Structure formats: structure tokens, C-alpha cells
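The lines below spell out each chain.
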Amino acid sequence: MQGGRFGAGDGLRALAALAVVGFHAAVIASAAAPGHASGPVWAVASHLDLGLYVFFALSGYLIARPFARSLVPERRGRDCAATRPTACAASCPRSGPRC
């Protein structure tokens with residue numbers, strides 16, 4: 001995670017979107033050639049519609065995540081200065097081991 005973005009989630013969402021596009025391409029191809037919708041390629045392509053559910057689930061998670069994080073108060077550890085001295089000094093008006 002960098003800059004508040006969840007890069008792996010965006011990548012999975014892109015793969016799910018490609019699966020949906022692949023499913024639609026397979027459906028259009030099977031409609032164009034009605035007798036050829038069989039075999040191992042069609043067996044895989046016919047299940048690419050599951051990418052739609054993955055896409056919606058990941059989109060919901062990625063959209064709701066910033067709102068959920070804003071509801072949770074910021075955590076400050078007991079030994080803030082020991083674990084993150086720079087962040088502790090920048091975020092705490094008083095000095096000392098407890099922020």
C-alpha cells in the first residue's frame with residue numbers, strides 16, 4: 001500500500017474486468033458460430049462471468065476502505081518514540097515516550 005492506495009486490489013480488479021471482457025467475447029463468438037461452443041476453451045470461457053462478482057466485491061471494498069479508515073481513530077502506541085520517532089515527534093505536541 002502506497003499513498004493510501006491498495007495496489008494489489010486495483011490489479012485484481014483489472015484482472016476481473018478483463019475476465020468479464022473475455023466472457024463477453026466468448027459469448028459473441030459462440031453466437032457467431034453456434035456449433036463451436038464446446039471444448040476446453042469454452043469450458044474456461046463460460047466461467048469468466050465470475051469476474052463480474054469479483055469486480056463488484058473488490059470495487060465495493062476499495063471504495064468503502066477510505067471511509068472506514070476515517071471512522072477509526074488514529075492509533076498511537078505506548079512506545080511511539082521507540083517504534084517511530086520521526087512520526088511521533090511530528091504528530092505529538094509534547095515530548096516523551098508516550099504520544
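Draft legend 1. Summary view of the overall build of the protein chain. Secondary structure summary: the protein chain contains five helices and zero strands in total. In the protein chain, the succession of helices and strands from N to C terminus is α-α-α-α-α. Contacts in the protein chain between residues far apart in sequence, at least 24 positions, make up 54% of those at least 6 positions apart. In the form shown here, the protein chain has an accessible surface area of approximately 7,600 Å², with 67% of it arising from carbon and sulfur atoms.

Draft legend 2. Main features of helix H1 (residues 7-32). Spanning 26 residues, H1 covers 38 Å between terminal C-alpha atoms, matching the ideal 38 Å at 1.5 Å per step. Within the sequence span of H1, burial applies to Gly-9, Ala-16, Ala-19, Val-20, Ala-26 and Ser-30. Buried residues belonging to H1 abut helix H2 (40-45) and helix H3 (50-71).

Draft legend 3. H3, seen in detail. Over its 22 residues, H3 extends 32 Å from the first C-alpha to the last, a length consistent with the 32 Å expected when each residue adds 1.5 Å. Along H3, the sharpest kink reaches roughly 35°, centred on Arg-65 and followed within four residues by the proline Pro-66. Its buried side turned inward, H3 meets H1.

Draft legend 4. Representation of the confidence of the model for the protein chain in the model. Of the residues in the protein chain, 67% reach a pLDDT of 70 or more, and the chain-wide mean stands at 74. Averaged over each element, pLDDT in the protein chain is lowest for helix H4 (residues 80-83) (54) and highest for H3 (87).

Draft legend 5. View of the packing of H1 against H3. At a minimum axis separation of 8 Å, H1 and H3 run at an interaxial angle of 150°. Considered as vectors, H1 and H3 are oriented roughly antiparallel to each other. H3 is crossed by H1, and the crossing has left-handed handedness. Facing H1, whose interface residues are Gly-9, Asp-10, Leu-12, Arg-13, Ala-16, Ala-17, Ala-19 and Val-20, H3 presents Gly-51, Leu-52, Val-54, Phe-55, Leu-58, Ser-59 and Leu-62. Taken together, the residues of the contact of H1 with H3 break down into ten nonpolar, three polar and two charged.

Draft legend 6. Broad picture of the environment of Asp-10. Note on placement: Asp-10 falls in helix H1. For the pair formed by Asp-10 and Leu-58, sequence separation is 48 residues and the distance between their alpha carbons is 8.2 Å. Setting aside anything within four residues of it in sequence, one finds Asp-10 in contact with Arg-5 and Leu-62.

Parameters at a glance
Residues numbered from 1 in each chain as written. Predicted model: local features only at pLDDT ≥ 70, side-chain atom pairs only at ≥ 80, totals over all residues. Heavy atoms only, no water. Helix = DSSP H or I, 4+ residues; strand = E, 2+ residues; numbered from the N terminus. Contact = heavy atoms within 4.5 Å. Areas by Shrake-Rupley, 256 points an atom, 1.4 Å probe, with all protein chains shown as cover. Expected span 1.5 Å × (residues − 1). Buried < 20%, exposed > 50% of the residue type's maximum accessible area, 1.4 Å probe, protein only. Bend = angle between axes of the 7 residues up to and from the residue. pLDDT = per-residue confidence, 0-100. Axes fitted to C-alpha atoms, helices over the stretch in contact; angles between N-to-C directions. Parallel < 35°, antiparallel > 145°, perpendicular 65-115°, else oblique. Left-handed = near helix turned anticlockwise from the far one by under 90°. Nonpolar A, V, L, I, M, F, W, Y, C, P; charged D, E, K, R; others polar.

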